[in-house]
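Observations on the model geometry
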Amino acid sequence: MKFMKLGSRPDTFYTADAVRSVSSDVSSDLVVQVKGSRYMLHKFPLLSKCLRLQRICSEAPETLQHQILQLPDFPGGIDAFELCAKFCYGITITLSAYNLVAARCAAEYLQMTEDVEKGNLVCKLEVFFNSCILHGWRDSIVTLQSTKAFPLWSEDLRITSRCIEAISLKVSTHPSKVSLSHSQSRRVRDEISCNGKESQLQKPMTKGWWAEDIAELGIDLYWRTMIAIKSDGKMPSNLIGEALQIYASRWLPYISRKVKANKEAAASDSDSDSASEVTSKSRLLLESIVSLLPTEKGSATCSFLLKLLKAAIILNVSSSSRMELARRVALQVEEARVSDLLIPSLSNSSTTLYDVDIVLTILEQFMSQRQSPPTSPPRSKLVSERRRRRSRSAENIDFKLQESRRSSSASHSSKLKVAKLVDGYLQEIARDKNLPLSKFIAVAETIPNFSRLVHDDIYRAIDIYLKAHHDLNKSDRKKLCRVLDCRKLSVEACIHAAQNEKLPLRVVVQVLFFEQARAATTGGKVTELPGNIKAVLAAHNIDPSKPPGPLSTTTSIPADDQWSISGLKSPKSRLSTLRMKLAEDDDLDENEMNTDVMGRPSKFKGFCALPTVPKKMFNPCRILRNQDAMLFYWNFFVLYLCFELNRISLLQRGINSEDDKNDERNKICMGWQFTWI
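Here the structure is a predicted model, which is why all the values come from computation and not from measurement.

**Looking at the environment of A300**
One can find A300 in the loop between α15 (269-292) and α16 (302-315). Separated by 58 residues in sequence, A300 and E242 have C-alpha atoms that sit 6.7 Å apart. Apart from residues no more than four positions distant in its own chain, A300 is found in contact with L293, L305 and Q332.

**Comments concerning unusual backbone geometry**
Although it is not a glycine, A18 sits at a positive phi angle of roughly 60°. Residue position: A18 is located in the loop between β2 (13-16) and β3 (19-22). Judged by its relative accessible area of 68%, A18 falls in the exposed class.

**What to know about the pattern of salt bridges**
Taken as a whole and judged by the stated rule, the model has 18 salt bridges. Taking the shortest distance from any N to any O, the salt bridge between R104 and E126 comes out at 2.8 Å. Taken as a pair, R104 in helix α4 (residues 100-110) and E126 in helix α5 (residues 121-133) lie far apart in primary sequence, 22 residues in all. Given a relative accessible area of 9%, R104 falls into the buried group. Residue E126 is classed as buried on the basis of its relative accessible area of 18%. Between E126 and R162 there is a salt bridge, with its nearest N and O atoms 3.2 Å apart. Of this pair, E126 sits in helix α5 while R162 sits in helix α8 (residues 159-171), and the two are 36 residues apart along the sequence. Here R162 falls in the buried class, since its relative accessible area comes to 13%.

**Observations concerning helix α24 (residues 474-481)**
For α24, the full list of buried residues reads R477, K478, L480 and C481. In an axial view of α24, the angular spread of the buried residues amounts to 160°, which keeps them on one side of the axis. Where α24 starts, the residue carrying a side-chain oxygen 3.3 Å from the main-chain nitrogen of S475 turns out to be N473.

**Quick word on the nonpolar core**
Most often, soluble globular proteins keep nonpolar side chains buried together rather than apart. Residues M112, W210, I214 and M226 are the most contacted members of the largest nonpolar core, which totals 154 residues. The greatest single-element share of this core, amounting to 10 residues, is contributed by α16. Residues contacting M112, with those up to four places away along its chain left out, are K49, C50, C84, F87, C88, A107, N120, L121 and V122.

**Digging into the confidence of the model for the chain**
Here the chain averages 75 in pLDDT, while 63% of its residues score no lower than 70. Across residues 524-530 the pLDDT falls below 50, and counting only partners more than four positions away or on other chains, this stretch makes 18 contacts in the model. This model gives residues 667-677 a pLDDT under 50, and the stretch forms 12 contacts once residues within four places in sequence are excluded.

**Structural notes on the pairing of strand β5 (residues 37-41)**
Pairing of β3 with β5, which is carried by 3 bridges, proceeds in the parallel orientation. Considered in β5, the bridge of V19 is made with R38. Bridge count between strand β4 (residues 30-34) and β5: 5 bridges; the pairing is antiparallel. Bridge pairing in β5 links Q33 to R38.

**Notes on the packing of helix α12 (residues 219-232) against helix α13 (residues 237-251)**
Angle between the axes and distance between the axes are the two parameters that describe a pair of packed helices. Across the interface, α12 lies against α13 with an axial gap of 12 Å and an inter-helix angle of 170°. The angle between the axes of α12 and α13 places the two elements in the roughly antiparallel class. Between α12 and α13, the contacting residues are I219, Y222, M226, I229 and K230 on the first element and I240, A243, L244 and Y247 on the second. Residues that form the contact of α12 with α13 fall into these classes: 8 nonpolar, no polar and 1 charged.

**What to know about the pairing of β3**
As paired elements, β2 and β3 share 4 bridges and run antiparallel to each other. Note on β3: the bridge partner recorded for F13 is V22. Where β2 folds back on β3, the antiparallel hairpin that results is connected by 2 residues, among which D17 adopts a positive phi of roughly 55°.

**Some remarks on the sheet that holds β2**
For sheets, the rule is that strands pair by backbone hydrogen bonds, running either parallel or antiparallel. Pairing within the open sheet is mixed, and its 5 strands lie in the order β2-β3-β5-β4-β6. The open sheet has two free edges, formed respectively by β2 and β6 (67-71), since each of these has just one partner strand. Here the strands of the sheet are splayed against their neighbours by 25° on average, with no regard to which way each runs. Set on the sheet, helix α2 (residues 51-59) makes contact with β4 and β6; between it and β6 the angle comes to about 125°. The strands touched by helix α3 (residues 77-89) within the sheet are β2, β3, β4, β5 and β6, with β5 carrying the most contacts at an inclination of about 5°.

**A look at the packing of aromatic side chains**
Summed over the entire model, instances satisfying the criterion amount to 10 aromatic pairs. On the numbers, 6.3 Å between centres and 65° between planes, the contact of Y109 with W153 is edge-to-face. Separated by 44 residues along the polypeptide, Y109 in helix α4 and W153 in helix α7 (residues 151-156) bring together distant segments of the chain. What makes Y109 buried here is its relative accessible area of 6%. W153 sits in the partly exposed class, given a relative accessible area of 28%. Taking the centre distance of 4.9 Å and the plane angle of 35° together, the rings of F440 and Y465 count as tilted.

**Here's the deal with the environment of S249**
Counting through the fold element by element, S249 comes out in helix α13. When its relative accessible area of 52% is taken as the criterion, S249 is described as exposed. C-alpha of S249 to C-alpha of A215: the two residues are 34 residues apart in sequence and 9.6 Å apart in space. Looking at S249, its side chain comes within polar contact range of the main-chain oxygen of I246, at 2.7 Å.

**A few points about the packing of α8 against α12**
With their axes 9 Å apart at the nearest point, α8 and α12 run at an angle of 50° to one another. Taken together, the axes of α8 and α12 are oblique relative to one another. Judged by the sense of rotation from one axis to the other, the crossing of α8 with α12 is right-handed. Across the interface between the two elements, T160, I164, I167, S168 and V171 from α8 touch L221, R224, T225, A228, I229 and D232 from α12.

**Some points on the environment of V359**
Considering the arrangement of structural elements, one finds V359 in helix α19 (residues 356-369). You can call V359 buried: its relative accessible area is 2%. The spacing of V359 and A326 is 33 residues in sequence and 8.4 Å in space, taken between C-alpha atoms. Apart from residues no more than four positions distant in its own chain, V359 is found in contact with L341 and Y425.

Conventions we followed
Residues numbered from 1 in each chain as written. Predicted model: local features only at pLDDT ≥ 70, side-chain atom pairs only at ≥ 80, totals over all residues. Heavy atoms only, no water. Helix = DSSP H or I, 4+ residues; strand = E, 2+ residues; numbered from the N terminus. Contact = heavy atoms within 4.5 Å. Buried < 20%, exposed > 50% of the residue type's maximum accessible area, 1.4 Å probe, protein only. Salt bridge = Lys/Arg side-chain N within 4 Å of Asp/Glu carboxyl O. Arc of directions from axis to C-beta. Polar contact = N/O pair within 3.5 Å; in protein donor to acceptor, adjacent residues only side chain to side chain. Core = buried A, V, L, I, M, F, W, Y, C linked by side-chain atoms within 4.5 Å. pLDDT = per-residue confidence, 0-100. Pairing = 2+ DSSP bridges. Axes fitted to C-alpha atoms, helices over the stretch in contact; angles between N-to-C directions. Parallel < 35°, antiparallel > 145°, perpendicular 65-115°, else oblique. Nonpolar A, V, L, I, M, F, W, Y, C, P; charged D, E, K, R; others polar. Phe/Tyr/Trp six-rings, centres within 6.5 Å; stacked < 30°, edge-to-face > 60°. Left-handed = near helix turned anticlockwise from the far one by under 90°.

The structure is reproduced here in structure tokens:
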């Protein structure tokens, strides 16, 4: 820190009976009252340097007693006045960045300029300010902080603006070329190698060396300083975002605890004003930070933006600031974590634990911003373009094609990440007993179906929701399961879903069918599926030779929500599972029999419907005990289909005698048995 000493005489000021005086052989003839304090001084040293005191004394009537001067609005208080008085007496004073602003305002008030005497205090302070304070990094920040006590005087004297300009200029300069304080210099230069050259590994660390220091400023001065830094255009946007994050972490920590304490304090009339004042200051601070965010994508981390959004909801900031934060989060929501999206709901009209509406807004904006361009231009257009400009524009077309594919690939990758994020988020909010089914489905449907390569996570979320909401009726459970694609479930998920008594019956039937179709080709027991079965699978765009990927482990699930397969191999498996399914099947109406899980018309349901047979021949309670029983059920089902197809073929061929029919059936059965073995 720089300092300056003026004067050579020792300090002779003393206090007697609450009056400050200076020891002298000459009796005092002037009384000055400043902020309730009295000073017994002499006219000659003060009036010879202070033009304002000269005018006041000349206007006051002359008296034989002490002349009294009132200075009620003196800037800087008694400390600044005593500093100026000691300068007039020639007593040694020390000036630094801590008291410079107060001394400068006091000297301006007393009009201690060059017009009164050469080498007066104003001139000396200006020289020290311009040559020393503004050249030092820490001195500039301390001086700028001290202007907060004298905002009007500092603006008129251009102290604030000159400090901000000096700080902005130093921010864009390498720290080795900035005059730092001893402690600051040691901290920054530790990151620089001994030979004076910055190492490649330490180079990124020193770029934001200024962020922590200017974080000490108040929000009004900080806002003006950051505006000056941004207007310079030399600072990268990511460093601006890091500086804002440092400032927010210092001034907005534990914002939810503060608001809760303020609400409790607001219950009493004595503390209600102070609590509302703290909230309003925090709200102003947050809105100022949002206005300083750079427009470039990636300038601030998604986690930081979501923390600001949480604070904005807690502090009830303006809707424009919240929507701006939501828009910025949507640009990079693929970087978020599930815990970042768990924003508490503080609305009086909502009983849910988390604010699902703001997450829906973020996801909708994400999907609207990430509309993927086509992976390749139309073939006819591309061919004609090449024919017309083959010699000139072939390279340009290839470049545009590569850029289009790269952009589409990045967008698709982002959607895959967001799909995993949304499924993890659904697993967390599904435990909320007050969460409406409509909001759960709305969040799940914001992501397109192709973005979920595996539906294990969404199935886990559905299972958690069904456990937390026992009062869901059959219709609501069907609506809930429409977002589930049974073809994308892993083996483990299929086994769990087959015994999940909370799922609708047709979901279980679909799970069994697709799992058995996949097991028939991957398990090695069947060399090839019958043609009619393969036709049905092909009609639904299913490749049974490609099993879905492994179970996702992106989120942690409590022990009570994890899937247990041990019960499948245990002889004590619950027999009530399929009994409930059959009871539901009896209640299915005709319209629902012709729709699949996704609510679309399907011929597959009619194909899978089994004929009415005695229950002794087909006991469903034994089907789900183990995989061997499920395989037996599949064999029986396929054999029945073969007999039906044979009957149709016999009618078409015109075979009427019973003996011929039996011979044909035996041939088909024997052929199918050899194929199965």
